[in-house]
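Coordinates in review
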Amino acid sequence: MARQVLITGVTGGIGGALAESFTANGDMVIGIGRRRDKLTALRDRLGESLDSLQADLETVEGIDAAVDALGDRANAIDVLINNAGSMKFTPTHALNAHDVQSQLAINLLAPIWLTRKLLPGMIDRKSGLIINMASAVGERPSPKLAAYGLIHFTRTLAAEYADAGIRCVAIAPGPVHTGLVDKFTMAMIVKSVPLKRAALPAEIADFVRYIASNAVNLATGSVFTVDGGLSIRS
């Protein structure tokens, strides 16, 4: 039976690549995104293996509405990939309230609340995998990225629900060609990467699909860094 895989932020660069990689693997993907036009285009490209759902995950009400729209499928999700994210390079002293609230809402609160809503079904089935798309910046000091972080939540979930047969891991990519960062900034970042390049979204997606396979079913609480060696630089 095909796995039910829920991916947030599916209309972004990594999200779309995740949907393509998992559907190619024979999984049924439910993709959540904000823009109906991009959801429709992705569905047209991937076919019936993708079921799209338009939702705003920045609010608890939006997440509740999305889960309600899933109906009984909310209790049958095998793999949850919390991929939706926001990044804004701002010095901490220049952050405004909206910046902080917006980034924390999508980067941390949305994964927490969506996971909370889907956990009961996983607990009942004594099975489930939660993959949090974090960032290499979560493992090292990163100027201008104070309002960012998901790794502690990953490890807490792993410890709390291991006895229920539920695993949780995080993927921490380095720079990725997604369009979130302008070309000049990306070029500056890549200079610090030992492998001297940023990842393609498909490379990250295929790595995530491997982590979600039975070959890695002993991993929980792990943070898999995929950053071209950036994290080993002092």
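This section reports on the structure supplied with the text. Note that the coordinates shown come from a computational prediction; the quantities given were computed from them, not determined experimentally. (Residues numbered from 1 in each chain as written. Predicted model: local features only at pLDDT ≥ 70, side-chain atom pairs only at ≥ 80, totals over all residues. Heavy atoms only, no water.)

This brings us to the pattern of salt bridges. Per the stated rule, a full pass over the model turns up 10 salt bridges. Note that D27 and R3 form a salt bridge whose closest N and O atoms lie 2.9 Å from each other. In this pair, D27 is assigned in the loop between α1 (13-24) and β2 (28-33) and R3 in the segment before β1 (4-8), connecting sequence segments 24 residues apart. Here D27 falls in the buried class, since its relative accessible area comes to 4%. For R35, the salt bridge is made with D37, and the minimal N-O distance between the two is 2.7 Å. Relative accessible area serves as the criterion here: at 44%, R35 is assigned to the partly exposed category. (Salt bridge = Lys/Arg side-chain N within 4 Å of Asp/Glu carboxyl O. Helix = DSSP H or I, 4+ residues; strand = E, 2+ residues; numbered from the N terminus. Buried < 20%, exposed > 50% of the residue type's maximum accessible area, 1.4 Å probe, protein only.)

Applying the stated criterion across every chain yields a total of one aromatic pair. Seen from their ring centres, F207 and F224 are 6.2 Å apart, and the 65 degrees between their planes marks the pair as edge-to-face. Highlighted residues: F207 in helix α7 (residues 201-211) and F224 in strand β7 (residues 223-226), separated in sequence by 17 residues. R116 extends its terminal NZ or CZ atom over the ring of W113, reaching a point 5.6 Å from the ring centre. (Phe/Tyr/Trp six-rings, centres within 6.5 Å; stacked < 30°, edge-to-face > 60°. Lys NZ or Arg CZ within 6 Å of the ring centre and 35° of its normal.)

Extensive coverage of strand β6 (residues 166-173) is indicated by the burial of eight of its eight residues. By the alternation rule, side chains of β6 split into I166, C168, A170 and A172 and R167, V169, I171 and P173, which are all buried. Here six bridges tie strand β5 (residues 128-133) to β6, and the two strands are oriented parallel to one another. Bridge pairing in β6 links N132 to A170. As judged from the four bridges shared by β6 and β7, these two strands associate in the parallel manner. (Pairing = 2+ DSSP bridges.)

Its place among the elements puts V100 in helix α4 (residues 97-125). Taking C-alpha positions, V100 is 25 Å from V67, a pair spaced 33 residues apart along the chain.

This next bit is on the packing of α1 against helix α2 (residues 36-46). Contact geometry of α1 with α2 gives a least axis separation of 11 Å together with a crossing angle of 25 degrees. Here α1 is positioned roughly parallel relative to α2, judged by the angle of their axes. Here the hand of the crossing between α1 and α2 comes out right-handed. Residues G16, A19, E20 and T23 of α1 pack against L42, R45 and L46 of α2. Among the residues forming the contact of α1 with α2, the class breakdown is three nonpolar, two polar and two charged. (Axes fitted to C-alpha atoms, helices over the stretch in contact; angles between N-to-C directions. Parallel < 35°, antiparallel > 145°, perpendicular 65-115°, else oblique. Left-handed = near helix turned anticlockwise from the far one by under 90°. Contact = heavy atoms within 4.5 Å. Nonpolar A, V, L, I, M, F, W, Y, C, P; charged D, E, K, R; others polar.)

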